[in-house]
Protein chains: 2
Amino acid sequence: MATIVSPPHFSPVEDAENIKKACQGWGTDEKGIISILGHRNLFQRKLIRQAYHEIYHEDLTHQLKSELSGDFERAICLWVLDPPERDAHLANVALQKTVPDYKVLVEIACMRSPEDLLASRRAYRSLYKRSLEEDLASRTNGDIRRLLVAMVSAYKYDGEEIDETLAQSEAEILHDEILGKAIDHEETIRVLSTRSSVQLSAIFNRYKDLYGRSITKDLLNHPTSEYLSALRAAIRCIKNPNRYYAKVLRNAINSVGTDEDALSRVMVTKAEKDLKQIAELYLKRNDVSLDQAVAKETSGDYKAFLLALLGHGEA
Amino acid sequence: MATIVSPPHFSPVEDAENIKKACQGWGTDEKGIISILGHRNLFQRKLIRQAYHEIYHEDLTHQLKSELSGDFERAICLWVLDPPERDAHLANVALQKTVPDYKVLVEIACMRSPEDLLASRRAYRSLYKRSLEEDLASRTNGDIRRLLVAMVSAYKYDGEEIDETLAQSEAEILHDEILGKAIDHEETIRVLSTRSSVQLSAIFNRYKDLYGRSITKDLLNHPTSEYLSALRAAIRCIKNPNRYYAKVLRNAINSVGTDEDALSRVMVTKAEKDLKQIAELYLKRNDVSLDQAVAKETSGDYKAFLLALLGHGEA
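Just so you know, the residues in each chain are numbered from 1, in the order the chain's sequence is written. Chains carry letters from A onward and ligands carry numbers from 1 onward, assigned in written order. Totals for whole chains, interfaces and linings use all residues, but because this is a predicted model, local features are given only for residues with pLDDT of at least 70 and pairs of side-chain atoms are given and counted only at 80 or more. To get the side-chain values, all heavy atoms of the structure are used, and hydrogens and water are removed first.

Going by the annotation in an unreviewed UniProt entry, the name recorded for chain A is Annexin, with Microthlaspi erraticum given as the source organism. UniProt positions are given in the numbering used here, feature names are shortened, and annotations may be inferred rather than shown by experiment. UniProt, in the comment section headed Sequence similarities (unreviewed entry), describes chain A in these words: "Belongs to the annexin (TC 1.A.31.1) family."

Here's what the structure looks like:
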């Protein structure tokens, strides 16, 4: 369930005009901007961005970029983007880092529906004039490249059919490769990147039935590598997306100085989907509510915006 | 340019009714069926299939399958399918062979536009409840799997922009790997499967400028393997699709007993696109026209249908 609160009635033109007013004159009225955009759902933001473009012949994200700064600017711009554009942007930023931020790519590859992943690849191609897998493949190598390129390129079956016999034999394959009896992880990568989500869940369940331990626990006993940690992240994303996100939030909030990029990414991506369930899991695991943790670790307009995403303030 | 001749005016309902008549009674009127379907373009066939379904509550391809047989039946059913469905069907048949028919998969991966390839993957998923790359990956292994899975999963940039510096450095990478200085072909597979068609053409041209021989000639000097022959086929598809198809036709026609599957595949796939240019290349290389060669090596209704695709007979 979503956490943000949006009004049933609104005027995209008035919102666009009020955002423009908030950007004009001496200093910017950040609170005014948050009171509008922090309380509009995806469809409403889309209409506001369209209205803004029609009235002022400028993209709303450009205006916001030029008026705002820091974590607040980055978060609210992410929020204004359409989800496929947002994914494309997040992937591009992740790939431009000295060491690419693999987790962001794993999240995009594993947490989107096949159609949504395709829409993100389409947006990437149109924004950057290269394909997502092209940039990813040229910035990585070895096992992590094999895994990530295969995962972002997949267009998986998304029906409900499960093949239990196959689940058994492929659980065995994963076990053999992960416990080191195979010379490489070719089959593990094939299974992870081609089998549907429901089939993979069946495989992971079968794994636990057969060997008495979860596949993620078995992976923890390995010497770590970038590849293995990406593999483990992918499996966790598929097994339990909300628990995965709760952990990302916990790490982001507890890291020295707070990892604002990760915090914003999860909050913005999930505020209209499962942030309520993620916040419940967060509270269970951390004995403090997500709202309190966010309020404690952030400040200023950035804090006000994240709290708006969590449903605080008037719509 | 297309070879088939279709009438400017036609009635899908009349056509559907005449096909039904041709299928009823004692024996089937194959000539009647060819005189209709052999002279209808893609859009017209689509409307006939729709009309047929509305009137008789049966798919036209099922009716044709039950009335016809052999190479003629397979060819005309391919012809009635929508191109994405046809690709999905061809890929599925290729994958079900004891040794998968890699060339079919290479053709589909390399000869379709990014959007068309996506449409074929979508059709595959909806027909077979698994993804194309899923079936492909589970039926292959090693280098050929890496190459083919990456190629069919690509959603390449299809703009006209070329990066000449990159073309130079990647021509060098291909040269190093192909002449055996590298331990594997990881980079070759990356380049082939992620760079856009125009960028790949620039790379192949740069290769020839730098080393004085074409990349396909260098590949010929290698000991052959399934992987290398698929790689060479992919490069030839990208460099010059029509010349590639002319060669497939030549091999199909000259093989002992004629390779009807390959012959039908190319004729049906290209009759509405570049079969005219392919036939011109065929004539230049073989001193016999494609029409004469087809007429000599085939017979009966199959021959009549292929000649209709080549533009013979009245529309």
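> Looking at this model, I keep getting lost on the relation of the copies chain A and chain B. Mind explaining?
For these two chain copies, the linking operation is a rotation about an axis paired with a shift along it. To line up the copies, we fit them by least squares on C-alpha atoms, keeping just the residues with pLDDT of at least 70 in both. With an RMSD of 0.0 Å, chain A superimposes on chain B once it is rotated by 180° and translated 0.0 Å along the axis. As the rotation angle and translation indicate, the two copies are arranged about a two-fold axis. Looking at the rotation axis and the C-alpha trace of chain A, the residue lying nearest is A:Ser153, at 2.7 Å. Working rule for contacts: check all heavy atoms of both residues, and any pair within 4.5 Å makes them a contact. Most of the interface of chain A is mirrored in chain B: 100% of its interface residues are interface residues there too.

> Could you clarify how one ought to interpret the packing of aromatic side chains in this entry?
Where two aromatic rings form a pair, the distance of their centres and the angle of their planes describe that pair. Here a pair means two rings of Phe, Tyr or Trp (six-membered ring of Trp) with centres within 6.5 Å. Their orientation is stacked below 30 degrees between planes, edge-to-face above 60, and tilted elsewhere. According to the stated counting rule, one finds twelve aromatic pairs over all chains in the structure shown. With 6.4 Å between their ring centres and 70° between their planes, A:Trp79 and A:Phe305 make a pair best called edge-to-face. Of this pair, A:Trp79 sits in helix α5 (residues 70–80) while A:Phe305 sits in helix α20 (residues 300–309), and the two are 226 residues apart along the sequence. The same class applies to A:Trp79 as to A:Phe305, namely buried. Taking the centre distance of 5.9 Å and the plane angle of 70° together, the rings of B:Tyr244 and B:Tyr245 count as edge-to-face. Counting from the N terminus, the helices are the DSSP runs of H or I reaching at least four residues and the strands are the DSSP runs of E reaching at least two. Think of it in three bands: residues with accessible area under 20% of the maximum for their type are buried, residues over 50% are exposed, and the middle band is partly exposed, with areas taken using a 1.4 Å probe on protein chains only.

> Is there a simple way to explain the interface of chain A and chain B in this structure?
When the parts come together, some accessible area is lost, and that loss is often what is quoted as the size of the interface. Taken together, the contact between chain A and chain B spans 28 residues of the former and 28 residues of the latter. Interface area for chain A against chain B, summed over the two sides, is near 2,700 Å², with a carbon-plus-sulfur share of 45%. Throughout, buried area stands for the accessible area (probe radius 1.4 Å) lost by two parts on being put together, summed over both. Considering only the surface of chain A that becomes buried against chain B, A:Arg125, A:Tyr155 and A:Tyr157 emerge as the three largest contributors, covering 25% of it. Note that A:Arg122 is salt-bridged to B:Glu115, the shortest N-O span being 2.8 Å. Residue assignment for the side of chain A that touches chain B shows that the elements contributing at least two residues are α8 (114–128), α9 (132–139), α10 (142–153) and α12 (186–194) of chain A. Criterion for a salt bridge: a side-chain nitrogen of Lys or Arg within 4 Å of a carboxyl oxygen of Asp or Glu.

> Mind showing me how you'd approach the UniProt feature "binding site: Ca(2+) 3" (unreviewed entry) in chain A here?
All names here are of chain A. Taking the numbering used here, the UniProt-annotated feature "binding site: Ca(2+) 3" (unreviewed entry) corresponds to Ala-295 and Thr-298. Residue placement: Ala-295 occurs in helix α19 (residues 290–297). If we skip the residues at most four places from it in the chain, Thr-298 touches Leu-263, Lys-303 and Leu-306.

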